[in-house]
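The residues making up each chain are set out below.
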Amino acid sequence: MLIPAAHYLTYAEAVQLYNELLALEINALVKTCGPPSFPFGDGIWYQLLIEETDAAAARETVEQFEAGRAAVAVLRCPRCGSPDTGPLARRSLWQRLYYAGTTLYGCADCGRNFAA
Ligand SMILES: [Zn+2]
């Protein structure tokens, strides 16, 4: 029986995890999931399905992979702790000079800008 090993992956993440599992001689099946993307009709995310008998062997690799995703994905606001942050598209001249070599982020909840 096939069980999901990981879901809500981008295509690049799905390929990476697929290859990592293949190195362990675990054959994963990549399927789309999530809401359909326009105009193709498939899901915009990918999930990996593995045989239930491979689950124990795959668990460590999948857990490490998930931990790596979480570390990159969530950047919390230093003021209010909200994870709802993103890179600022526009920077003023003084921000470009002051924060040279870093990426400037903005918090969607409290409006705080911070470098990371
Ligand atoms: Zn904030």
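All values reported here derive from a predicted model rather than from experimental measurement. (Residues numbered from 1 in each chain as written. Predicted model: local features only at pLDDT ≥ 70, side-chain atom pairs only at ≥ 80, totals over all residues.)

## Observations regarding the sheet that holds strand E5 (residues 104-107)
Turning to step 1, where the next piece is worked out: The antiparallel open sheet is built from three strands, whose spatial order is E4-E5-E6. In this open sheet, the two edge strands, each paired with only one partner strand, are strand E4 (85-87) and strand E6 (113-115). Adjacent strand axes in the sheet meet at a mean angle of 35° when their direction is disregarded. (Pairing = 2+ DSSP bridges. Helix = DSSP H or I, 4+ residues; strand = E, 2+ residues; numbered from the N terminus. Axes fitted to C-alpha atoms, helices over the stretch in contact; angles between N-to-C directions.)

## Looking at the environment of Ala14
Turning to step 1, where the next piece is worked out: Counting through the fold element by element, Ala14 comes out in helix H1 (residues 11-23).
Turning to step 2, where the next piece is worked out: Ala14 sits 34 residues away from Leu48 along the chain, and the two C-alpha atoms are 7.0 Å apart.
Turning to step 3, where the next piece is worked out: Setting aside anything within four residues of it in sequence, one finds Ala14 in contact with Leu9, Val30, Tyr46 and Leu48. (Contact = placed C-beta atoms within 7 Å.)

## Side note on unusual backbone geometry
Negative phi characterises most residues that are not glycine, and trans characterises most peptide bonds.
Turning to step 1, where the next piece is worked out: A positive phi angle is found at Tyr8, which is not glycine, with a value near 55°.
Turning to step 2, where the next piece is worked out: Mapped onto the fold, Tyr8 is located in strand E1 (residues 2-9).
Turning to step 3, where the next piece is worked out: Take Tyr8: there are 14 C-beta atoms within 10 Å of it, and that puts it in the partly exposed class.
Turning to step 4, where the next piece is worked out: At Glu25, a residue that is not glycine, the phi angle is positive and equals roughly 60°.
Turning to step 5, where the next piece is worked out: Structurally, the position occupied by Glu25 is in the loop between H1 and strand E2 (29-36).
Turning to step 6, where the next piece is worked out: The exposed category is assigned to Glu25, around which 8 C-beta atoms lie within 10 Å. (Buried ≥ 20, exposed ≤ 12 C-beta atoms within 10 Å, placed from the backbone.)

## Things to note about the sheet that holds strand E3 (residues 43-51)
Turning to step 1, where the next piece is worked out: Strand order in the open sheet formed by three strands is E1-E3-E2, and the pairing between neighbours is antiparallel. Looking at the sheet topology across the chains shown, the edges are occupied by E1 and E2. Between one strand axis and the next, the sheet turns through 30° on average, direction left out of account.
Turning to step 2, where the next piece is worked out: Across six bridges, E2 lies against E3 in antiparallel orientation. Counterpart to Val30 in the pairing with E3 is Leu48.
Turning to step 3, where the next piece is worked out: Packing against the sheet, H1 makes contact with E1, E2 and E3, and its axis sits at approximately 15° to E3.

## Observations regarding the nonpolar core
Turning to step 1, where the next piece is worked out: Membership of the largest hydrophobic core comes to 14 residues, with the highest contact counts inside it found for Leu17, Leu21, Ala28, Leu48 and Ile50.
Turning to step 2, where the next piece is worked out: Of all the secondary-structure elements, those providing two or more residues to this core are E1, H1, E3 and helix H2 (55-73).
Turning to step 3, where the next piece is worked out: In this structure Leu21 touches Ile26, Ala28, Ile50, Ala58 and Thr61, once residues within four positions along its chain are discounted. (Core = buried A, V, L, I, M, F, W, Y, C linked by C-beta atoms within 7 Å.)

## Description of the domain arrangement of the protein
Turning to step 1, where the next piece is worked out: Taken domain by domain, the protein holds domain 1 (2-73) and domain 2 (85-115).
Turning to step 2, where the next piece is worked out: Here the C-alpha centroids of domain 1 and domain 2 sit 32 Å apart. (Domains from an automatic or database assignment.)

## Focus: the environment of Ala115
Turning to step 1, where the next piece is worked out: Counting through the fold element by element, Ala115 comes out in strand E6.
Turning to step 2, where the next piece is worked out: Residues Ala115 and Thr103, 12 residues apart in the sequence, show an inter-C-alpha distance of 5.6 Å.
Turning to step 3, where the next piece is worked out: Look past the residues within four positions of Ala115 in its chain and what remains in contact with it is Tyr99, Thr102, Thr103 and Leu104.

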